Amino acid sequence: MAEVYTSSVIGAPAERVWETVRDFNGLPGWHPVISESRIEGSAPPDQVGCVRAFRLSDGGFVRERLLALSDYEFSCTYSILESPMGVDNYVATLKLTPVTDGSRTFAEWSATFDCASEREAELVALIGNDVFQRGFEALKTRFGT
Amino acid sequence: MIRVQRSTIIDAPIAAVWEIVRDFNGHDRWHPAVAHSDLEAGRRTDQIGAVRSFTLTGGERVRERLLTLSDKDHRLRYSIVDSDVPLGKYVAEMALKPVTDGDRTFWSWSSRFEAPPGREHELTELVAEGVYEAGFAAVRARVEHSPIGRPTPGLSAPSAKPDTALNGSGIGIARYGGPEQLQPVTVRATAPGPGEVRLRQTAIGVNFIDIYCRTGYLKLMQPPGLLGMEASGVVVDVGPGVRDLQPGQRVAYACPPVGAYCSVRTIAAALVVRLPDFIDDATAAAGLLKGMSAEFLLHRVHPVQRGQTLLVYAPAGGVGRLLCQWANHLGATVIGATSTEQKARIARAAGAHHVILPGEESLEDQVLALTGGRGADVIYDAVGKDSFAHSVAALAPAGHLISFGQASGDIGSWDIGSLAAKSVTLSRPNFEHYTDTPAKVAAITERLFDAIGRRILTVEIGRRYRLSEAQQAHRALESRETTGSTILIPDAQGTDT
């Protein structure tokens, strides 16, 4: 089981950041590596169990299922159903926590997955840097650091 | 149930922060609100179930039990076992998480507790600001790269900047001993940290307890260090979380920690009381400790009732005069026991109905003669060795002997059985236990200031010395040649403020 953990600080209250990231169909609106997204079966994007299908900017196609969404904990958990990365049992959580000292947000994005052992280091770096950290960089650009 | 949560980002790796906060018994080394902490029953600091027993800088005692410690999750949970601060069912959690973006640390500190009705807001603020935010600031100052630390929004940052310390003069001792040990020293008052206030002192009270500290009779301070228990002055600046004090306000204090013999001082804000306009700085320094003593002796150790007969030793001294004035006002019959006719006049002026002097008759015979053979209901005795036996003999049946000092030396051992001859109640009160929380100090000073404002009490300033003349002040006090209260004035301001 491989684990990825990435965290950052966003310069806006957690409620505001959450408005942006809670939209399970909204990745193209803020994440730079995702170009288009739709929810299968016309389900609402906050219906737990819904599936988003999106295309990466390099052309790769991904389907993910929403497993949990909490407006109380500002957290969103999802699994990969289909992707070009070659991962199994991939479950990820994006979670926001208010920093009371200065209206900032502590943002955590983590994942666990199985893969061929020789690819683990490469995939951990790819997911941690190119997906999670790039997402944080975009949020910091939008909301401040 | 009240929930409090505070969090911050510390600009240091998680290992550096965890190393500091993981030590369950180490908080007295970093947290500004904790004065001293011990682990009970020989437990280890990382042993689940360990109980830390500690004193806050305001004097309150707290015992807390370690419930959870996780080096994997950087998480620590603890609960209050018992506490002078009324936080019921208090369970707190401290958790650190790494901020991988920049190798920083997210630190969350939260708790749930119950508060007595009406005190919810005050206690929430105490926990959130006085404990959690003050703790964040203290650890930040230790681990962040710059010596001052990056200023953080939400916390005003005048914390421990080395370049903002104020220099001043003080009187300290290098070892226990006689008055010759009192020597001038340079003092530095650092910028006030969380919960602290910095004072420019204008008058300092001299008390007999200072002599006990100097000689080592009481181990309230370890040399080298400054002496002194009380002073008045003006607030220079306040640290984060201090809400009820502002620069320019006149304040005073009378309490440990010892160290009042100086011109500038940084001290816990909780120890300081604001002075009403009708009490000037010299009066406060001369009268606060003695007046607080008189308050708890007459109202708490023995609530004096109208019609009772009191015997007060040293009725012309600092505390003695106040005891005579206040007891007279309360309707008691006051007998003073002193040594000279001059002091007898002072005692009578203070309200003593009778004054007895050493003569052919013993003290107890004189007291019995004045009370129709009954004796005194209450005796306030700070003389000690030379007076104790006479006090027992002068007491009425079921009387109350309050021994609050030993100016003539140790009383030594007494057979409790001999007290049965009078069914004696004996008290040996200690200033600290009546004044060790801000709430107790507030209650005592409220009644004291009211009594001064209504002229029930008048504080007589006997002698003023320059701070640099502290040796002479101690010699005069020890030789019993003083009447009224002795004060020291920091030198730059002269002796006639």
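Everything discussed here concerns the structure shown above.
Definitions and limits used
- Residues numbered from 1 in each chain as written.
- Chains lettered and ligands numbered in written order.
- Predicted model: local features only at pLDDT ≥ 70, side-chain atom pairs only at ≥ 80, totals over all residues.
- Axes fitted to C-alpha atoms, helices over the stretch in contact; angles between N-to-C directions.
- Helix = DSSP H or I, 4+ residues; strand = E, 2+ residues; numbered from the N terminus.
- Parallel < 35°, antiparallel > 145°, perpendicular 65-115°, else oblique.
- Contact = placed C-beta atoms within 7 Å.
- Pairing = 2+ DSSP bridges.
- Nonpolar A, V, L, I, M, F, W, Y, C, P; charged D, E, K, R; others polar.
- Expected span 1.5 Å × (residues − 1).
- Buried ≥ 20, exposed ≤ 12 C-beta atoms within 10 Å, placed from the backbone.
- Arc of directions from axis to C-beta.

A. Main features of the packing of helix α4 (residues 208-215) of chain B against helix α12 (residues 470-478) of chain B. Residue and element names in this part refer to chain B. In contact at an axis separation of 10 Å, α4 and α12 are set at 110° when each is read in the N-to-C sense. On the basis of their axis angle, the class for α4 and α12 is roughly perpendicular. Between α4 and α12, the residues in contact are F208, I211 and R214 and H474, L477 and E478, respectively.

B. The sheet that holds strand β17 (residues 333-337) of chain B, seen in detail. Residues and elements named next belong to chain B. What the six strands build is an open sheet, ordered β18-β17-β16-β19-β20-β21; its pairing is parallel. The strands lining the two open edges of the sheet, one partner per strand, are β18 (354-356) and β21 (425-427). The mean angle between the axes of side-by-side strands here comes to 20°, regardless of whether they run parallel or antiparallel. Examined bridge by bridge, strand β20 (residues 395-403) and β21 share three bridges and lie parallel to one another. By the bridge assignment for β21, H400 is matched with T425. Set on the sheet, helix α6 (residues 318-329) makes contact with β16 (309-313), β17 and β19 (376-381); between it and β16 the angle comes to about 165°. Most of the contacts of helix α8 (residues 363-370) go to β18, to which it runs at about 160°, and overall it touches β16, β17, β18 and β19.

C. Region of interest: the interface of chain B and chain A. Facing the 16 residues of chain B at the interface are 16 residues of chain A. Of all the elements in the fold, those that place two or more residues in the side of chain B that touches chain A are β1 (2-10) and β6 (88-99) of chain B. Top contributing element to the side of chain B that touches chain A by residue count: β1 of chain B, with five residues. Partitioned by chemical class, the residues of the side of chain B that touches chain A number seven nonpolar, six polar and three charged.

D. Structural view of helix α11 (residues 438-453) of chain B. Residues and elements named next belong to chain B. The terminal C-alpha atoms of α11 lie 22 Å apart, and with 16 residues this matches the ideal 22 Å at 1.5 Å per residue to within 8%. Within α11 the residues assigned to the buried category are V441, I444, T445, L448, F449, A451 and I452. When α11 is viewed along its axis, its buried side chains cluster within an angular range of 155° and face the same direction. Residues of α11 that are exposed and angled more than 90 degrees away from the buried face: A442, E446 and D450. Each element contacted by the buried residues of α11 is listed here: β15 (273-274), α5 (281-301) and α6. R455 lies just past α11 and shows a positive phi near 60°.

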